[in-house]
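The residues making up each chain are set out below.
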Amino acid sequence: MPILRSLFFFLFLFFSVHSEEDTPIARFRRYLQFNTAHPNPNYADPVSFLISQADSIGLQARTFEFIPSKPVLLLTWPGSDPSLPSVLFNSHLDSVPAEPDKWSHPPFSATLTLDGKIYARGAQDDKCIAIQYLEAIRNLKARGFVPLRTIHISYVPDEEIGGFDGSAKFVPSKEFEDLNVGFVLDEGQASTGDEFRVFYADRSPWNLKIKASGAPGHGSNMYDNSAMENLMRSIEVITKFRDSQFDVVKAGEAMNSEVISVNPVYLKAGITTPTGYAMNVQPSEAEAGFDLRLPPTVEPDLIKKRIAEEWAPARRNMTYEYYMISFGIGSYHPLMIIEKGPLRDYMGRPLMTLTNDSNPWWPVFKQAIEAAGGKLTRPEILASTTDARFMRERGIPTLGFSPMTNTPILLHDHNEFLKDTVYLRGISVYESIISSLSSFKGESHKMHSTS
Ligand SMILES: *[C@@H]1O[C@H](CO)[C@@H](O)[C@H](O)[C@H]1NC(C)=O
Ligand SMILES: *[C@@H]1O[C@H](CO)[C@@H](O)[C@H](O)[C@H]1NC(C)=O
Ligand SMILES: [Zn+2]
């Protein structure tokens, strides 16, 4: 009997392993099952999986480690004219954490429900595009398609924590330079309607801290220029500015991501006692912090001037600090702005990709979407940031795009899911995009013309 039972057990194992299908959905779910959540993302296993997928399709694979244990995987489909600038499709390997007890299915189970929803952390952000790129190439190869331009796919670590050990190292590297990238597609966001969304810029986040000082005094005394008074005057001015920006959004004249947002995130003042605060002392210092986000159309010097002259003026005993991080190299300035990303590319142009005929890639991309039966909404600025800013800093036209329509926006949320039908449609959209972009003969003769 025990022998018979173990025989059944082995038969069961045999069929359960071998009946696991090798379909696009099964491959997507396998990629979703790697736990790539911060703070300890598993990078090694998904990279091995992607390399095995690349092998099965016949793509070249290379791994770079600019930082130990933080691999950048690059897959390449060589074009018939390698002298033309290549097209790069980027996605990040990592995900934000999930709180399993708030989910209806374990976040790394990639549970497929009867109505076709695939639940997983990363299903929308952005493991869908990671595998869709590969499936699209698999299908194009099966049809005998030959690209004119070389196609690259990059898988980068740490996007969700700022990209400083990922794209910030990869994009400025010699290895990247050698790819001669002419155009990049990176992640976008789900659309709740029938049309696909596309993003041409990110907002630049700054952490602004302002500090006021003034003569301390008894709580009963009314006098001018206390630290609290100085800080509160600044808060009034900043609030007025915030209202002016928010009114434009409320009037429907701009989207949230198209205006400057400035939101207070902390206030710090007061003399603490074991039971709370001394209620009869006006403190000599007071501080406030703001999350400030600038669209690329804003002239950063004008905001810096506004901060220096109106929001934290020295004449009101106010100070601020300035701290800028670009390409992972932090330079410290003795002012109090923390600027996480610059607003200009290396040539001083706004960090945005044109979505009109001045960008020769734009009509090719747009027509590829239409050829796949899709439509684009009005191009948008992303309210947050992605790795696309590193490509744009190099002056490379870069669009954010994830082909998800009729899908609730669940990135970083509980119960993140993507429907199987939406996922599969995305593969055919990428087939159209990859074949169009890689066949684009380009206007390089025009760009290099001196006439
Ligand atoms: C600035 O601080 C000094 C020293 O605390 C104080 O005497 C002065 O009145 C303050 N001036 C303003 C404009 O707040
Ligand atoms: C494209 O947009 C840019 C920036 O708005 C503008 O300067 C340029 O003239 C536009 N090009 C065309 C062909 O409309
Ligand atoms: Zn993402």
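Only a predicted model underlies this, so the values are computations on that prediction, with no experimental measurement involved.

1. Overview of the site of ligand 1
Okay, step 1: By nearness alone, every residue bordering ligand 1 is listed as S213, G214, A215, N225, N230, R316 and N317.
Okay, step 2: Residues that form the shell around ligand 1 fall into these classes: one nonpolar, five polar and one charged.

2. Remarks on helix α3 (residues 44-57)
Okay, step 1: Its 14 residues give α3 an end-to-end C-alpha distance of 20 Å, which sits within 8% of 20 Å, the value for a rise of 1.5 Å per residue.
Okay, step 2: For α3, the complete set of buried residues consists of P46, L50, Q53 and A54. One side of α3 carries all its buried residues, which in axial view fall inside an arc of 100°. With respect to the buried face of α3, the exposed residues turned more than 90 degrees away are A44, D45, S52, D55 and S56.
Okay, step 3: Summarising the contacts, the buried residues of α3 are in contact with α2 (24-32), β1 (60-67), β2 (70-77), α4 (127-142) and β6 (151-156).

3. A look at the packing of α4 against helix α11 (residues 420-439)
Okay, step 1: Interhelical geometry of α4 versus α11 gives an angle of 60° and a closest axis separation of 8 Å. By the angle class used here, α4 and α11 are oblique. Every pair of crossing elements has a handedness; the one defined by α4 and α11 is right-handed. Between α4 and α11, the residues in contact are C128, Q132, Y133, E135, A136, I137, N139 and L140 and Y423, G426, I427, Y430, E431, I434 and S435, respectively.
Okay, step 2: Classifying every residue of the contact of α4 with α11 gives nine nonpolar, four polar and two charged.

4. Details of the UniProt feature "binding site: Zn(2+) 1" (unreviewed entry) in the protein chain
Okay, step 1: If you check UniProt for "binding site: Zn(2+) 1" (unreviewed entry), the listed places come out as H92, D125 and E187 in our numbering. In three dimensions, the annotated residues from a span of 96 residues occupy one location, with a maximal C-alpha spread of 8.6 Å.
Okay, step 2: Topologically, H92 is positioned in strand β3 (residues 86-92).
Okay, step 3: Beyond its immediate sequence surroundings of up to four residues, H92 is in contact with D126, V156, E159, E160, G166 and D387.
Okay, step 4: You can see E187 is positioned in the loop between β7 (181-186) and β8 (199-202).
Okay, step 5: The class for E187 is buried, based on 23 C-beta atoms found within 10 Å.
Okay, step 6: Look past the residues within four positions of E187 in its chain and what remains in contact with it is S91, D125, D126, I129, T386, G400 and S402.

5. Some points on the UniProt feature "binding site: Zn(2+) 2" (unreviewed entry) in the protein chain
Okay, step 1: As annotated by UniProt and renumbered to match this structure, "binding site: Zn(2+) 2" (unreviewed entry) occupies D125, E160 and H412. Across 288 residues in sequence, these annotated residues keep their C-alpha atoms within 10.0 Å of one another, forming a single compact spot.
Okay, step 2: Relative to the assigned elements, E160 resides in the loop between β6 and α5 (167-170).
Okay, step 3: Not counting residues within four places of it along the chain, the set of residues in contact with E160 comprises H38, H92, D94, S95 and V96.
Okay, step 4: The class for H412 is partly exposed, based on 15 C-beta atoms found within 10 Å.
Okay, step 5: Among residues more than four places away in sequence, those in contact with H412 are V96 and D125.

About the thresholds
Residues numbered from 1 in each chain as written. Chains lettered and ligands numbered in written order. Predicted model: local features only at pLDDT ≥ 70, side-chain atom pairs only at ≥ 80, totals over all residues. Near = placed C-beta within 6 Å. Nonpolar A, V, L, I, M, F, W, Y, C, P; charged D, E, K, R; others polar. Helix = DSSP H or I, 4+ residues; strand = E, 2+ residues; numbered from the N terminus. Expected span 1.5 Å × (residues − 1). Buried ≥ 20, exposed ≤ 12 C-beta atoms within 10 Å, placed from the backbone. Arc of directions from axis to C-beta. Contact = placed C-beta atoms within 7 Å. Axes fitted to C-alpha atoms, helices over the stretch in contact; angles between N-to-C directions. Parallel < 35°, antiparallel > 145°, perpendicular 65-115°, else oblique. Left-handed = near helix turned anticlockwise from the far one by under 90°. UniProt positions renumbered as here; feature names shortened; annotations may be inferred.

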